[in-house]
Structures are given as structure tokens and as C-alpha cells.
Amino acid sequence: MDMRKVIGSNFARLRKSKGLTQEAVAEKSGFSQSYIGWLERGQRNPTAISIWMLAQSVDAMPADLVQPVED
């Protein structure tokens, strides 16, 4: 299991469920829109602090980003 992909797919799912664009989340989180896109594609390795900030931007808990979701 690639944790980067787990975090990215969970973040994208949570963002979309809140009706937020990558641009809106970038503004809320302080990360660039490019970073958000790379993160959602599993191309970034976020730190614990980044995970916390990203979770806050979609009104979620950090655990929501790292928990594998069964399909």
C-alpha cells in the first residue's frame, strides 16, 4: 500500500464531498494549487504538519487522510 496514494485519494474525496475546488483548498491551507494536485495524484510525501493543515482545510481530522478506504 502506497501511503502517498491513500492520503491523496482520501484528500480528493473529502475535498470533493465538501464541494471545494483545488484552488479554494489551496487558499484555505496555504499550499499552492499545484501542490494540491500533486498530493491528490500521490506525487507528494506530506509531513505530519502538512497532513494536519490539509485536514483542517477540508474540516476533517488527520486520521481521515491516512486511513485506507475499502473499495
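Residues numbered from 1 in each chain as written. Predicted model: local features only at pLDDT ≥ 70, side-chain atom pairs only at ≥ 80, totals over all residues. Heavy atoms only, no water.

The chain has the name Helix-turn-helix domain-containing protein in an unreviewed UniProt entry, where Sphingobium nicotianae is given as its organism.

A.B. asks: Can you help me understand the pattern of salt bridges in this one?
C.D. replies: Oppositely charged side chains are able to pair whenever their charged atoms sit close together. A complete count under the given rule lists two salt bridges for this structure. In this structure, the salt-bridge partner of Glu40 is Arg15, at a minimum N-O distance of 2.6 Å. Here Arg15 lies in helix H1 (residues 3-17) and Glu40 lies in helix H3 (residues 33-40), a separation of 25 residues in the sequence. Side by side, Glu40 and Arg15 carry an identical accessibility label, which is buried. (Salt bridge = Lys/Arg side-chain N within 4 Å of Asp/Glu carboxyl O. Helix = DSSP H or I, 4+ residues; strand = E, 2+ residues; numbered from the N terminus. Buried < 20%, exposed > 50% of the residue type's maximum accessible area, 1.4 Å probe, protein only.)

A.B. asks: Looking at this structure, I do not really get helix H2 (residues 22-29). What am I missing?
C.D. replies: Residue pairs spaced three or four apart in an α-helix point in one direction, given the helix's 3.6 residues per turn. Along H2, the positions that sit buried rather than exposed are Val25, Ala26 and Ser29. Along H2, the residues classed as buried sweep out an arc of 105 degrees about the axis, all on the same side. Packed against the buried residues of H2 are H1, H3 and helix H4 (48-57). (Arc of directions from axis to C-beta. Contact = heavy atoms within 4.5 Å.)

A.B. asks: Teacher, can you tell me more about the packing of H1 against H3 here?
C.D. replies: How two helices sit against one another is set out by the angle between their axes and by the gap between those axes. Axis separation between H1 and H3 bottoms out at 7 Å; the angle between their running directions is 115 degrees. Mapping the contact onto sequence places Arg4, Ile7, Gly8, Ser9, Phe11, Ala12 and Arg15 in H1 and Ile36, Leu39 and Glu40 in H3. Class assignment of the residues belonging to the contact of H1 with H3 gives a composition of five nonpolar, two polar and three charged. (Axes fitted to C-alpha atoms, helices over the stretch in contact; angles between N-to-C directions. Nonpolar A, V, L, I, M, F, W, Y, C, P; charged D, E, K, R; others polar.)

A.B. asks: Would you mind showing me how to read the UniProt feature "domain: HTH cro/C1-type" (unreviewed entry) in the chain here?
C.D. replies: Under the local residue numbering, the UniProt record ascribes the feature "domain: HTH cro/C1-type" (unreviewed entry) to residues 11-65. Measuring from the first to the last C-alpha atom of residues 11-65 gives 6 Å, for a span that is 67% helix and 0% strand. (UniProt positions renumbered as here; feature names shortened; annotations may be inferred.)

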